[in-house]
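# Secondary and tertiary structure notes
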Amino acid sequence: MDKVWIIVRREFLNRVQKKSFLIATILLPLIFPSIIALLVYFSQEQKKNALPQVIHYVDEGDFIDPKPLSDDFDLRKFDGGIDDAKKAFSHSNDFGLLYIPPLKLSDPKGIQLFTKQSPSPSVLSKLESEIETQIRSAKLLVYDIPQHILDSLNSTSTKIESIKVSESGREESNNADVLFGIGMTGGILIYIFIFMYGSQIMQGVIEEKTSKVVEIIISTVRPFQLMMGKIIGLAAVGLLQFSIWIVLITVLSSVVLNYFGFEIPQKELTEQTVNAIPADQLNGPSIEIIRALAEINVVYVIGHFLFYFVGGYLLYGALFAAVGSAVDSPAEAQQFIFPITIPMLISYFALFLFILDDPYGPISVWLSIIPFTSPIAMMGRVGFGVPLWQSILSMVCLVIGFTFTTWIAARIYRIGILMHGSKVNYRVLAKWFMMKA
Amino acid sequence: MEALTTKGIYKHYSNHTALDDVSISIPEQSIYGLLGPNGAGKTTLIRIINQIITADQGEIFLGSETLGPKHIGTIGYLPEERGLYKKLKVGEQLVYFAQLRGLSKEEAFRQTGYWVDKLNIKEWWGKKVEDLSKGMAQKVQFISTVMHKPKLIILDEPFSGFDPVNANLIQNEILELRECGSTIIFSTHRMETVEQLCDHIALIHKGKKILEGSKKSVKQGFRNNTYSVIHRGQFTEKPKHALTVKTRQVGDELLDTTLQISEGSSNDLLAELIELTEVHRFEEQVPDMHEIFIQLVKEEPHG
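We now turn to the structure provided with this report. Since the model is a prediction, treat every value here as computed from it, not as a measurement.

## Concerning helix H14 (residues 374–382) of chain A
For H14 of chain A, a buried count of nine out of nine residues is recorded, marking the element as mostly surrounded by other parts of the structure. Every buried residue belonging to H14 of chain A is among Ser374, Pro375, Ile376, Ala377, Met378, Met379, Gly380, Arg381 and Val382 of chain A, and all of these are buried.

Below, the structure written as structure tokens:
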């Protein structure tokens, strides 16, 4: 057993001492937030500096108020028929021409927008809501409803605070967005980790095999020990890397939040005051998020994350090692990698399609129990709370799962690493698997 | 006392038999040549002795003990296909291999330090293997084979890749290791090295051991009453006691004739030859390993 430890140590040091590890570990948490920050910054700048889009309109029914509610548009009335307007528009550089026929308020139809470039869906829907608002105002006037009643109707807004009651009667407030975020982040992290480190295991095995160094190692340790040493060594590297990332991201984000901290609430404050929201609802959503974050059982979530993180990695890592042992080059490995990635992809897409949407649905439950999909699928559910029996069943299945894949992988690996130049297909793998020691 | 004995080793693969009832015994402190053409089964046997693969049948004894995992530290192995971690530094690599052979970290450092000194490669300690020449890497590999003072050293084609100077250096190290009590198994098909170094040999052909013994006794067994005579002037008539195999000119006036005795002793032949020509030298021709090898391997036609 201490030989496995020697191999684990060597594999760990090999990777950690590389410059590329240092660069990836330190730079990645800086690069991604910087890119996101830059994009957000530019898009906001663009919005701030963007001039309202000029839209000419021909209003045959004459009920459009040229002062729009949103400052995205600059509505200009065109005096004349639509045919003249089209002619004039074709010579201008303006954004669009809106044609509003005489409207029946009960059934407003036939509005057309002429543009030179296809408008984006968001522009179109903004314009639609603009006109809908105006039509609604017109209707209200027709129905003779006074303005103050109208204002009171318009400012109707409420928010449901979701509180989960456990059997012991403990109450936890939930915020679906926060739980969604936790599930998504956890799932993506596990997905990336398995792929990144799985392919590193595979490359390491291929390198040992093609450089023939494996013959010397195997004369001192059993193939299984070498395989496990590599898998465990890389797991340690991965855990170290993620710990560093989490620390760096936490520190960075708290620094950033402190820096911008004064701006955000003030802006919200002004906006909300303008919209005349009652004072007791001030900052409601953000308070709720903070409370939800505080009430999430951190130990429970992180414990699950670590278990599925390591379990999923062991399950797939062994398979990647087996593939590496069977082939002579990474290119040859493609045909075997593909079937391994299918359950990963299924659980990844299922995470976004069903699991986060309906964490207690039957598909979600089963995907979170089947060991090949559970590491990613369970991350989508863990924030919402998983019944104890499902948790235990899933974990037991995962342990059985990675024991099983490790057993299969080891049987292929012990033969594969000493085979060179043979053309390998699934039948050959099966034969190696069946070979007695 | 035997350093290593194998008894009735069989190894079958799905479409051929790699080893078929191979029993060899390797005397202690000998240099034992394991010979055979390509694909004869030498590497399979070596892998079995190294516990890389297991035999289907048969027993292996190291001294008086059955070979097992605890013997890993007493065996040194230089595979034919050399392999080192390219990205790893020489020192780290040697210490790693020494630890895998069971040395403690301190001992691993001490032994590898001793050997890099001895083979004059101390300045490569911090270099990556990918930056070394082929010969340098071979030296590193050799050190990794012997640094843990193995009692049994298995060398598969140890001199390939070495220039003559370094080959000589390694050869002296091998002899020195033998003096210190190690037994050396030598797998090669270079007969000149066998001629120079080996005390004992075994010849494996198509998975079967077809010859084993001390080099001397093997050669004795292949004597075929052939003598070489250096003489001045043609024979005046054909010798009665022997058949002339071939004659060739050596120097300006001398001839070298190979004769195979057909009746009587070498003395009878010599006496007759003195009558026929002026004899300068008369010597028995003992077959060299090269000839024995070719003769044995050719006997069975390839199928």
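Here the narrative resumes.
## A few points about helix H12 (residues 330–355) of chain A
All names here are of chain A. Of all the bends in H12, the greatest reaches close to 45° and is centred on Phe336; the proline Pro339 follows between one and four positions later. Those residues of H12 that sit buried are Ala333, Phe336, Ile340, Met344, Ser347, Ala350, Leu351 and Ile355. Taken together, the buried residues of H12 touch helix H6 (176–210), helix H11 (298–326), helix H13 (362–367) and H14.

## A word on the sheet that holds strand E10 (residues 208–214) of chain B
All names here are of chain B. The six strands are arranged E6-E7-E8-E3-E9-E10 in an open sheet whose pairing can be described as mixed. Edge positions in the sheet fall to strand E6 (75–78) and E10, since each of these pairs with one other strand and no more. Across the sheet, the axes of successive neighbouring strands diverge by a mean angle of 15°, strand direction being ignored. Packing of helix H1 (residues 42–49) onto the sheet brings it into contact with strand E3 (31–35), strand E7 (152–156), strand E8 (183–187) and strand E9 (200–205), and relative to E7 it is tilted by some 150°.

## With respect to the interface of chain B and chain A
If you look at the interface, chain B gives 20 residues, while chain A gives 16 residues. Tallying contributions element by element places helix H2 (residues 90–100) of chain B first for the side of chain B that touches chain A, with four residues. Tallied by class, the residues present in the side of chain B that touches chain A amount to ten nonpolar, six polar and four charged.

## What about unusual backbone geometry?
Residues and elements named next belong to chain B. Of note, the phi angle at Gln29 is positive, near 60°, even though the residue is not glycine. Tracing the sequence through the fold places Gln29 in the loop between strand E2 (17–27) and E3. Taking the C-beta count within 10 Å as the criterion, Gln29 has 17 such neighbours and is therefore assigned partly exposed. The phi angle at Gln51 is positive, at roughly 60°, despite the residue not being glycine. You can see Gln51 is positioned in the loop between H1 and strand E4 (57–62).

## Side note on the pairing of E10 of chain B
All names here are of chain B. Where E9 lies against E10, six bridges are found, and the strand directions are antiparallel. Bridge assignment links Leu203 to a residue of E10, and that residue is Leu211. Hairpin connection of E9 to E10: two residues between the antiparallel strands, including Lys206 at a positive phi of 50°.

Conventions and cut-offs
- Counting of residues starts from 1 at the beginning of each chain's written sequence and follows it residue by residue.
- Here every chain gets a letter starting at A, and every ligand a number starting at 1, in the order they are written.
- Owing to the predicted nature of the model, reporting of local features is limited to residues with pLDDT of at least 70; listing and counting of side-chain atom pairs is limited to 80 or more, with chain, interface and lining totals taken over all residues.
- With C-beta atoms placed from the backbone, a residue is labelled by how many other C-beta atoms lie within 10 Å of its own: buried for 20 or more, exposed for 12 or fewer, partly exposed between the two.
- Each helix is a run of DSSP H or I of at least 4 residues and each strand a run of E of at least 2, with the numbering of both proceeding from the N terminus.
- To obtain the bend at a residue, axes are fitted to the seven residues ending there and to the seven starting there, and the angle between these axes is taken.
- Two residues qualify as a contact pair if the distance between their C-beta atoms, derived from the backbone, is within 7 Å.
- Two strands qualify as a pair provided DSSP detects at least 2 bridges between them.
- A fitted line through C-alpha atoms represents every axis, and for helices the fit uses only the stretch in contact; the resulting angles, taken between N-to-C directions, go from 0 to 180 degrees.
- Polarity classes work like this: nonpolar for Ala, Val, Leu, Ile, Met, Phe, Trp, Tyr, Cys and Pro, charged for Asp, Glu, Lys and Arg, and polar for all others, with Gly in that last group.

Any link to function would need more than the numbers given here.
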